[in-house]
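# Coordinate analysis (summary)
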Amino acid sequence: MTFTQQETTRLTNDERDQLNAQLARDGFAVLPHKLPADLANDVIGAIDRITAEQRQSNRSVQSVKLHNCVDHDPAFRRLMMYEPALQLAYDAFGPMFHLNQSNFISRVQEADQDAAKKDFAASIDWHADGPRPGLFPRVDGMMGLHYLKFGYFLTDLTHGTGGALQVIRGTHRHEELDGNKKNFNVADYADDLVEFNVEAGTVVVFHQALWHAAMPNQSEVERKNVYISYCPTWMRPVDRDFPAAADLENLSAEERWLLGEPRPAMRWWIPQGDDASRMARFARKPE
Ligand SMILES: O=C(O)CCC(=O)C(=O)O
């Protein structure tokens, strides 16, 4: 599919307020703007290139999931810099946040749905992210927000059979679910089940403790999407080691910051010099 929509703009302060209120209440929100066309097309191009290479080198590969995709094509680094996402990460964590995780999934139609349910790239059963996730410290008795995750859905899911992301509204606040996967029965939450059968270009943001899943793709439309998340700089990323300075040459100061530019230990915690102003353009401005 080719995108035609125009460049999006920064979120307004009102939009930020609304999205943050939805995130606190429901654990997720849909961003008001679709991805800009040029960015979406570049990311799809990168996904298509990498999946074609993987399928060529191993004929049994169908659905593909690639972790730490920002290190595999500059298009994913551009997506990491998506302004509305960085504005919301700034709202959540202040200036000291960086990349937590990046991956893409390209999910083909699965004829054998039962087999696909056992293949991590082809479907993902109900879970919340993080270490179980309740081994993260609680904040005010609740599972705290330790990372904020953005799902970029690049292909049409409005047909309803693409194995879209599903979430259960408000479950980031259900601490009784922590570590209780065996007792978790989705039917108990039917009223709060939300499935993102969305148009191409839609961006969904969610709290890492929200329960979510994606069933196998039953349609002929290959489902392509990227997940990128951000966390405080005092947390290590899930899927990458920090790079050497030489690996960051020619990148912007903001990109180097998000990717974990080498620095003395204390500066992952306490900003020095321009550390706290690196991401300043994502802060709120008077309107
Ligand atoms: O395939 C999906 O969309 C779900 C991904 C997921 O559950 C995860 O990244 O934790």
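Above: the structure in question.
Heads up: these notes are all about the structure in this document.

### What about the pattern of salt bridges?
- Going through the model one piece at a time under the given rule, you end up with 23 salt bridges.
- Two residues, Asp91 and Arg16, come together in a salt bridge whose shortest N-O distance is 2.9 Å. Here Arg16 lies in helix α1 (residues 13-26) and Asp91 lies in helix α4 (residues 83-93), a separation of 75 residues in the sequence.
- In this structure Asp91 comes out as partly exposed when scored by relative accessible area, which is 25%.
- On the basis of relative accessible area, Arg16 is assigned to the buried category, the value being 0%.
- For Glu261, the salt bridge goes to Arg256, with nearest N and O atoms at 2.8 Å.
- Of the residues examined, Arg256 reaches a relative accessible area of 26% and is grouped as partly exposed.
- A single network of salt bridges, built from pairs that share partners, joins Arg10, Glu83, Glu254 and Arg281.

### Let's talk about the site of the ligand
- Neighbouring residues of the ligand: Ile105, Arg107, Ile124, His127, Asp129, Lys149, His212, Ala214, Arg223 and Tyr227.
- At 3.2 Å from an oxygen atom of the ligand is found a side-chain nitrogen or oxygen belonging to Asp129.
- Separating an oxygen atom of the ligand from a side-chain N or O atom of Tyr227 is a distance of 2.5 Å.
- Expressed as a share of its isolated accessible area of 300 Å², the protein-covered part of the ligand is 96%.
- For the ligand, the cavity whose grid points lie within 2 Å of the majority of its atoms is the largest pocket.
- Those elements that provide at least two residues to the shell around the ligand are β3 (97-107), β4 (124-127), β11 (212-214) and β12 (223-232).

Conventions used here
Residues numbered from 1 in each chain as written. Predicted model: local features only at pLDDT ≥ 70, side-chain atom pairs only at ≥ 80, totals over all residues. Heavy atoms only, no water. Salt bridge = Lys/Arg side-chain N within 4 Å of Asp/Glu carboxyl O. Helix = DSSP H or I, 4+ residues; strand = E, 2+ residues; numbered from the N terminus. Buried < 20%, exposed > 50% of the residue type's maximum accessible area, 1.4 Å probe, protein only. Near = heavy atom within 4 Å. Polar contact = N/O pair within 3.5 Å; in protein donor to acceptor, adjacent residues only side chain to side chain. Areas by Shrake-Rupley, 256 points an atom, 1.4 Å probe, with all protein chains shown as cover. 1 Å grid on protein atoms, 1.4 Å probe; cavity = no way out; pocket = protein on both sides within 12 Å on 5 of 7 lines; lining within 4 Å. Sits in = over half its atoms within 2 Å of the grid points.

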